[in-house]
Amino acid sequence: MGLNKHVLVLPFPAQGHVNPLMHLSHKLVQHGCKVTFVNTEFNHKRVVHAMNGKVSLEGSKVELVSIPDGLGPEEDRNDLAGLILSMERNMPSDLERLIRDINSMDGGCNRITSIVCDTYMAWGLEVAQNLGIKGAIIIPSSAAIIALEDNIPKLIQDGIMDGDGFPIKKGKFQLSPNMPNVSIAHMPWSYFPDEFTQKTIHHYLAKTIQWSHLTDCWLSNTTEELEPGALSLCPKILPIGPIKESPEFRSLGQFWQEDLSCLNWLNQQPPCSVVYVAFGSITMFDPNQFKELALGLQLTNRPFLWVVRDDYSNNNLYPDEFQCTNKGKIVKWAPQQMVLKHPAIACFISHGGWNSTMDGVSNGVPFLCWPYFADQEIDKAYICEVWKVGLGFDKDEKGIISRWEIKKKVEELLGDEDIKGSSKKMKDMVMSNIASDGKSTQNFNKFMKWLGE
Ligand code: UDP
């Protein structure tokens with residue numbers, strides 16, 4: 001019976017993981033499940049703060065709870081190696097305790113019946129196993145990344161990289177046809193600043209795949225048409241994408257408060273005129289590059305909506321020549337899925353995080369890709385080379401994307417009828433997956449059946 005299903009959902013502590021898992025949670029609730037959503041204490045506080053101190057939204061049946069990540073209050077959570085080592089050491093026992101506590105309440109009639117772990121928190125499957133609870137994983141990145149991580153032992157065996165994930169060969173490789181070419185120098189862990197962090201993340205990713213194999217139920221925010229090659233390499237994956245927000249609970253799980261004033265501003269712009277510029281939750285800018293971006297947007301002479309987060313570590317200074325007032329709107333955090341659905345949007349200058357990629361593709365918005373790190377080069381290769389729904393930027397001799405390059409690429413993209421046509425076609429194809437008889441809907445129904453078995 002639907003009402004007896006109580007699912008615990010465990011996201012990796014980053015915005016690009018909390019969001020899709022929260023959207024999935026609301027979908028589970030719509031299908032009759034109760035959901036307990038476990039953030040780290042640190043992020044739980046941010047989420048509650050962004051909701052003006054509320055711990056839930058009226059009508060949402062997702063219960064927000066938290067456990068510590070094991071770091072002290074002053075320790076740096078941007079140090080990813082420190083964070084994952086601490087989580088792996090400390091969180092499993094706290095998660096087990098939390099589940100035991102929930103299961104002993106109300107005479108056991110509220111017991112957790114299954115756990116859905118972010119693949120990057122797949123140690124949670126061991127906890128589930130210890131407690132005799134069934135577990136699934138959800139992949140918030142592309143299937144291509146999981147295929148890559150699943151093939152780490154083969155890449156080592158083939159002499160492409162060493163056991164710590166450092167490149168041995170040069171050049172690119174392709175795991176299967178229809179998949180992007182991956183540069184050996186651009187593995188997801190290779191962007192981190194020091195060798196210890198790179199090595200730690202490489203080993204952690206290899207372990208998360210091993211834990212993930214504790215279950216056969218792998219959900220993913222992708223579709224069959226987007227990633228046929230990767231899905232054939234990882235037949236376990238059940239694509240259920242695009243995972244869309246549920247509009248009334250959109251803001252639950254956001255680390256920053258959304259600035260809704262941009263929607264009114266968009267209403268006043270002509271159709272298909274606005275350049276939307278957003279780089280997700282982690283990207284940082286070098287001050288010179290930030291300045292060029294501001295001047296490049298100005299130079300396009302088009303309306304733009306630009307998300308500039310006010311993180312403590314972002315010291316972005318607008319150049320004196322920059323005047324945003326007539327053409328542009330800057331916000332600290334946008335309701336992104338609503339923005340990309342808006343008819344005034346013409347294109348998306350994006351870092352190409354997988355959620356932003358899915359947000360743009362499922363709304364038929366063409367991209368200008370500006371990758372920052374991790375999986376974003378691979379997402380860019382999908383966008384520009386495989387699906388052909390966007391263009392990349394070229395850096396100048398100083399390694400900067402200049403204001404003129406920004407203006408040139410915006411004009412080139414908006415004049416390219418092939419890319420615009422492919423974007424619209426891709427939207428229809430991707431969205432058909434979540435129609436009532438669509439393939440992702442059927443896969444989600446299979447998952448619901450699995451939850452009830
Ligand atoms: N997002 C948002 N408002 C913004 C920018 C981003 O709501 O102004 C959301 C976006 O819809 C996505 C997440 O934040 O769900 C960013 O995830 P993504 O994988 O694109 O990038 P990451 O932050 O992980 O680099």
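All of the points below concern the structure found in this document. (Residues numbered from 1 in each chain as written. Predicted model: local features only at pLDDT ≥ 70, side-chain atom pairs only at ≥ 80, totals over all residues. Heavy atoms only, no water.)

1. Concerning the packing of helix 10 (residues 287-300) against helix 14 (residues 403-414)
- Taken N-terminus to C-terminus, the directions of helix 10 and helix 14 make an angle of 40 degrees; their axes are 7 Å apart at the nearest point. With respect to each other, helix 10 and helix 14 are oriented oblique. Helix-helix and strand crossings are classified by hand; for helix 10 and helix 14 the assignment is right-handed. Two secondary-structure elements touch here, helix 10 through Glu292, Leu293, Leu295, Gly296, Leu297, Leu299 and Thr300 and helix 14 through Arg403, Trp404, Ile406, Lys407 and Val410.
- Class assignment for the residues of the contact of helix 10 with helix 14 results in seven nonpolar, two polar and three charged. (Axes fitted to C-alpha atoms, helices over the stretch in contact; angles between N-to-C directions. Helix = DSSP H or I, 4+ residues; strand = E, 2+ residues; numbered from the N terminus. Parallel < 35°, antiparallel > 145°, perpendicular 65-115°, else oblique. Left-handed = near helix turned anticlockwise from the far one by under 90°. Contact = heavy atoms within 4.5 Å. Nonpolar A, V, L, I, M, F, W, Y, C, P; charged D, E, K, R; others polar.)

2. Focus: the pattern of salt bridges
- Tallied over the full model, the rule gives 18 salt bridges.
- Measuring nitrogen to oxygen at the nearest pair gives 3.9 Å for the salt bridge that ties lysine 408 to glutamate 405. Residue lysine 408 and its partner glutamate 405 are both found in helix 14; the two are separated by three residues, about one turn of the helix.
- With a relative accessible area of 44%, lysine 408 lands in the partly exposed category.
- For glutamate 405, a relative accessible area of 8% puts it in the buried group. (Salt bridge = Lys/Arg side-chain N within 4 Å of Asp/Glu carboxyl O. Buried < 20%, exposed > 50% of the residue type's maximum accessible area, 1.4 Å probe, protein only.)

3. Here's the deal with the sheet that holds strand 5 (residues 134-139)
- The seven strands are arranged 3-2-1-4-5-8-9 in an open sheet whose pairing can be described as parallel. Strands with a single pairing partner mark the edges of an open sheet, and in this sheet they are strand 3 (62-67) and strand 9 (237-239). Within the sheet, the average angular offset between the axes of one strand and its neighbour, ignoring direction, is 25 degrees.
- Of the pairings in the sheet, the one linking strand 5 to strand 8 (residues 218-220) comprises three bridges and is parallel in character. Among the inter-strand pairings, isoleucine 138 is bridged to a residue of strand 8, identified as leucine 219. (Pairing = 2+ DSSP bridges.)

4. Concerning the packing of helix 3 (residues 80-104) against helix 4 (residues 124-131)
- The N-to-C vectors of helix 3 and helix 4 enclose an angle of 45 degrees; their axes lie 10 Å apart at closest approach. Comparing their axes, helix 4 and helix 3 come out oblique. The two elements helix 3 and helix 4 meet at a crossing, and its hand is right-handed. In this structure, helix 3 uses Pro92, Leu95, Glu96, Ile99 and Arg100 to contact helix 4, whose residues at the interface are Gly124, Val127, Asn130 and Leu131.
- Split into classes, the residues belonging to the contact of helix 3 with helix 4 amount to five nonpolar, two polar and two charged.

5. Digging into the nonpolar core
- Among the nonpolar cores identified, the biggest contains 123 residues, and Leu28, Tyr276 and Phe447 are the most heavily contacted of them.
- Broken down by element, the residue count for this core peaks at eight residues, all from helix 3.
- Filtering out sequence-adjacent residues up to four positions away, leucine 28 remains in contact with Val7, Cys33, Val35, Phe444, Phe447, Met448 and Leu451.
- Core analysis: the second largest hydrophobic core is formed by 27 residues, Phe290, Leu295, Ile349 and Trp370 among them. (Core = buried A, V, L, I, M, F, W, Y, C linked by side-chain atoms within 4.5 Å.)

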